[in-house]
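A look at the structure
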Amino acid sequence: MTQPLALFHSLRQVAEQQDWQYIYPVWSRRAQGLSIGINLHPNHCCNWHCIYCQVPGLQRGASPEIDMPRLQDELTACLDWLTEHLPAASLAVSDYVQDIAFAGDGEPTTSPQFSAALSCVQQLLSQKPEADRPARVRLITNGSQMHLATTQQAMHVLQQMEGEVWFKLDAGNDAEMLTVNDARLPLSLHLQRLKACSQLCPTWVQTAVMQRRVENKLVTTPSLDGYIEALQPFKENIAGILLYSIARASQQDTQASIQTPDLSLLQRYAAALQARGFNVRVFA
Ligand code: SF4
C-alpha cells in the first residue's frame, strides 16, 4: 500500500474510533485524492431520490438539527491529525487534502444550518497557515436550492473562500429529470438555478452518464442532444463539465436496471461537448 493511501486508512480508523458523525474522510475518484466530507444529513434524508444514489436507506424528509460545536470539533480533530501525521510522509495538508466537501447523505443546501456550517469552516481555516489548509472548499449539490436568497448568499461566501461548486445535471429533458433524479422540477427551472449559481461562484456541472434497461432496450441518459442544448448557453459561465460513470452500486431498488456505460460512450459524450468548446473531464 502506498503511503498516502495508508495515511488515509489510518485517518478512517480515527474517524471510526472517535465516532465522527459529520466528518468523513474519503478517497475520491473525482477529487483525485483525499476529500474531507461534511455530512449535514446523517439521517439519510434528501429532497431528491436519484436512481443511482449510493446512500443506503435513503428517504425524503426534513434535515436534522446539526450539533455545530460537534461538527467543529470533528473537523478540528481531522485537520489536527493530518497536520500532525503528514510531515512524517513529507506531505503538507494543502497538497494531500484535495478538498473539504459539503456532500454527504442528503442535499447539503437543504439544511437550514448550511450557511452556519460554511461559516464554521471559513473561520476554522482562517486560523490556519496556508500549508495546513486543504486545497479548496467544495459544495457538491443537486442545485435545487439555488433560487433561494440564503443559498445564493452562501455561494457568495464560498466564492470569497475561493471555493467551487459541483452542480448536478443528469438530464437532457423534463422526463429524465423525473426518471433519473425523481426531482419533480422542470429542466428549465433547474437551468435557472445553474445560471444563478454560476454567476456567484465558480461552477462545474457534474453529470452521471448511465444506461438503463427499459423493455429490453438500453436507454442512455442524459440524452445527448437535449443535454447539449441545455448546456450551450452556459459555455462561457461554467468552469467545465465532470462526466462520470457510476462507480459504486446504487443502494436504491432501481439498482438492477442500471448499467455502467463503456468508457467509449463517455468519450463520445466528452468529444461532442469538447467540439462545442466545453472543458470536460471524464471519470470512468
Ligand atoms: S441528490 Fe445526491 S444524496 Fe440526494 S438522492 Fe441524489 S445522489 Fe442521493
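Refer to the structure presented above.
All figures in this text were calculated on a predicted structure; none of them were measured in a lab.

**Digging into the overall build of the chain**
Counting its secondary structure elements, the chain contains nine helices and 11 strands. A principal-axis box enclosing the C-alpha atoms of the chain has dimensions of 55 × 45 × 35 Å. Counting all 284 residues of the chain, 51% fall into the buried class. Sequence separation of at least 24 residues holds for 73% of the intrachain contacts in the chain that already meet a minimum separation of 6.

**Points about the sheet that holds strand β11 (residues 280-283)**
Taken together, the eight strands give an open sheet; going across it, the order is β1-β2-β3-β4-β5-β6-β9-β11, and neighbouring strands pair in mixed fashion. Each edge of the sheet is formed by a strand with only one pairing partner; in this case those strands are β1 (23-28) and β11. Recorded for the sheet is a direction-independent mean angle of 25° between the axes of neighbouring strands. The pairing of strand β2 (residues 33-38) with strand β3 (residues 97-102) spans five bridges and is classified as parallel. Within β3, the position partnered with G37 by the bridge is A101.

**Notes on the packing of helix α4 (residues 114-126) against helix α5 (residues 149-160)**
At a minimum axis distance of 10 Å, the contact between α4 and α5 shows a crossing angle of 10°. When the axis of α4 is compared with that of α5, the two are roughly parallel. Of α5, the residues touching α4 (which contributes F114, S115, L118 and Q122) are T150, A154, M155, V157 and L158. Of the residues that constitute the contact of α4 with α5, the class distribution is six nonpolar, three polar and no charged.

**Topic: the packing of aromatic side chains**
Scanning the entire structure with this criterion turns up three aromatic pairs. Here the aromatic rings of W27 and Y96 are separated by 6.0 Å at their centres, their planes lie at 55°, and the arrangement is tilted. Taken as a pair, W27 in strand β1 and Y96 in helix α3 (residues 93-96) lie far apart in primary sequence, 69 residues in all. Residue W27 is classed as partly exposed on the basis of its relative accessible area, which comes to 34%. Assessed through its relative accessible area of 5%, Y96 is described here as buried. For the pair F102 and F114, a centre-to-centre distance of 5.3 Å together with 80° between the ring planes defines the contact as edge-to-face. With a gap of 12 residues between them, F102 in strand β3 and F114 in helix α4 connect regions that are remote in the sequence. Since its relative accessible area comes to 3%, F114 is described here as buried. Grouping aromatic residues by their ring pairs yields a cluster made of F8, W27 and Y96.

**Let's talk about the side chain of N39**
Position of N39 among the secondary structure elements: in the loop between β2 and α2 (68-85). In this structure the side chain of N39 is engaged in a polar contact, spanning 2.9 Å, whose partner is the backbone nitrogen of H41. A polar contact of 2.9 Å, which involves the side chain of N39, links it to the backbone nitrogen of D105. Not counting chain neighbours up to four residues away, the residues in contact with N39 comprise Q21, Y22, Y24, G104 and D105.

**With respect to helix α9 (residues 263-275)**
Relative to the 18 Å expected for 13 residues at 1.5 Å per residue, α9 spans 18 Å between its end C-alpha atoms, a close match to the ideal helical length. Looking at α9, one finds that the buried residues are L265, L266, Y269, A270, A272 and L273. Seen along its axis, α9 keeps its buried residues to an arc of 160°; they face one direction. Immediately beyond the C-terminal end of α9, within one or two residues, lies G277, with a positive phi of roughly 95°.

**Details of the sheet that holds strand β8 (residues 217-221)**
Here we have three strands laid out as an open sheet, ordered β8-β7-β10, and antiparallel in their pairing. A strand with exactly one partner marks an edge of an open sheet, and here the two such strands are β8 and β10 (258-259). As paired elements, strand β7 (residues 210-214) and β10 share two bridges and run antiparallel to each other. Residue pairing for β10: Q211 is matched across the bridge by Q259.

**Regarding the packing of helix α1 (residues 3-17) against α2**
In contact at an axis separation of 11 Å, α1 and α2 are set at 145° when each is read in the N-to-C sense. Remark: the crossing between α1 and α2 carries right-handed chirality. Across the interface between the two elements, L7, S10, L11 and V14 from α1 touch C78, W81, L82 and H85 from α2. Classifying every residue of the contact of α1 with α2 gives six nonpolar, two polar and no charged.

Conventions adopted
Residues numbered from 1 in each chain as written. Predicted model: local features only at pLDDT ≥ 70, side-chain atom pairs only at ≥ 80, totals over all residues. Heavy atoms only, no water. Helix = DSSP H or I, 4+ residues; strand = E, 2+ residues; numbered from the N terminus. Buried < 20%, exposed > 50% of the residue type's maximum accessible area, 1.4 Å probe, protein only. Contact = heavy atoms within 4.5 Å. Pairing = 2+ DSSP bridges. Axes fitted to C-alpha atoms, helices over the stretch in contact; angles between N-to-C directions. Parallel < 35°, antiparallel > 145°, perpendicular 65-115°, else oblique. Nonpolar A, V, L, I, M, F, W, Y, C, P; charged D, E, K, R; others polar. Phe/Tyr/Trp six-rings, centres within 6.5 Å; stacked < 30°, edge-to-face > 60°. Polar contact = N/O pair within 3.5 Å; in protein donor to acceptor, adjacent residues only side chain to side chain. Expected span 1.5 Å × (residues − 1). Arc of directions from axis to C-beta. Left-handed = near helix turned anticlockwise from the far one by under 90°.

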